[in-house]
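The chain contents come next:
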Amino acid sequence: MTAALCFAAPAPELTDLWDAPADLSRVCDGHTTLLLVCDPGLATCREGAVYFDSKTGMIRDEGVRPAVVLIGRPPEIRETVLDLDIRVPVFIDAAESVFGSILDERVLPALVLMDEDGQVLETIYGGGESLDGNIRALIETETETQEDEGFNWWLIIVPAVAALAILPFVLD
């Protein structure tokens, strides 16, 4: 798996639902982010967006920011978001520029886990029945990464403290 900057050149040109320019560095904004990238013209993507939206509480509870990137024309995307009652932050990719920047394959929906620095940590393609497992797998990847980082510090600190505690007895 190759890490790629979420705002790597050429940067994807996105807008928010109000047509304000955005890019993936704004979506990341210093937080670990889980993106659902999909085309609402595909039934699996519409269903996936609704399901992803229903899991945002669980995603946030794990310390990950959820967001959706929908591919299409802004007026149609706004209508879809209203029709589907999607409440998670939604960004519009009218030019399909996300494909060229962060997705290796043109398979949708795609889940993209990005770190707080905007690097792509992992991408999982596909939806339908596998979407729940894919969301959980990516969140577990992030949780394990956080646990591993904390655990490594203890492996360094505990032996050092033990050595300092034993040192006076050894010197006598």
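Residues numbered from 1 in each chain as written. Predicted model: local features only at pLDDT ≥ 70, side-chain atom pairs only at ≥ 80, totals over all residues. Heavy atoms only, no water.

### Re the overall build of the protein chain
At step 1: Helix and strand counts for the protein chain come out as 6 helices and 7 strands.
At step 2: In the protein chain, the succession of α and β elements from N to C terminus is β-β-α-β-α-α-β-α-β-α-β-β-α.
At step 3: Evaluated residue by residue, the protein chain yields a buried proportion of 40% over its 172 residues.
At step 4: For the protein chain, contacts bridging at least 24 residues in sequence account for 60% of all contacts bridging at least 6.
At step 5: Carbon and sulfur atoms make up 56% of the accessible area of the protein chain, which amounts to about 9600 Å² in all. (Helix = DSSP H or I, 4+ residues; strand = E, 2+ residues; numbered from the N terminus. Buried < 20%, exposed > 50% of the residue type's maximum accessible area, 1.4 Å probe, protein only. Contact = heavy atoms within 4.5 Å. Areas by Shrake-Rupley, 256 points an atom, 1.4 Å probe, with all protein chains shown as cover.)

### Looking at unusual backbone geometry
At step 1: Cis geometry marks the peptide bond from Leu 108 to Pro 109, where omega comes out at -5 degrees.
At step 2: Tracing the backbone shows Pro 109 in the loop between α5 (97-101) and β6 (110-114).
At step 3: A positive phi angle, close to 70 degrees, is found at Asp 19, a residue other than glycine.
At step 4: If you trace the backbone, Asp 19 turns up in the loop between β1 (14-16) and β2 (21-22).
At step 5: Note on Asp 19: relative accessible area 42%, which makes it partly exposed.
At step 6: Even without being a glycine, Asp 85 presents a positive backbone phi close to 55 degrees.
At step 7: Mapped onto the elements, Asp 85 comes out in the loop between α4 (74-84) and β5 (90-93).
At step 8: Note on Asp 85: relative accessible area 41%, which makes it partly exposed.

### Some points on the sheet that holds β2
At step 1: Within the open sheet, the 7 strands sit side by side as β2-β1-β5-β4-β3-β6-β7. Their pairing is mixed. For this open sheet the edge positions go to β2 and β7 (120-125), each flanked by a neighbour on one side alone.
At step 2: Its contacts with the sheet place α4 against β4 (65-71) and β5, and it is angled at close to 150 degrees to β5. (Pairing = 2+ DSSP bridges. Axes fitted to C-alpha atoms, helices over the stretch in contact; angles between N-to-C directions.)

### So, helix α2 (residues 43-54)
At step 1: Here α2 is 12 residues long and its end C-alpha atoms lie 17 Å apart, about the 16 Å a rise of 1.5 Å per residue gives.
At step 2: Considered for burial, the residues of α2 that qualify are Cys 45, Gly 48, Ala 49, Phe 52 and Asp 53. What you see down the axis of α2 is that its buried residues fit within an arc of 130 degrees, all on one side. (Expected span 1.5 Å × (residues − 1). Arc of directions from axis to C-beta.)

### Quick look at the nonpolar core
At step 1: Residues Leu 34, Leu 35, Val 37, Phe 52 and Leu 103 are the most contacted members of the largest nonpolar core, which totals 44 residues.
At step 2: Look past the residues within four positions of Val 37 in its chain and what remains in contact with it is Val 69, Ile 71, Val 98, Leu 103, Leu 108, Pro 109, Ala 110 and Val 112. (Core = buried A, V, L, I, M, F, W, Y, C linked by side-chain atoms within 4.5 Å.)

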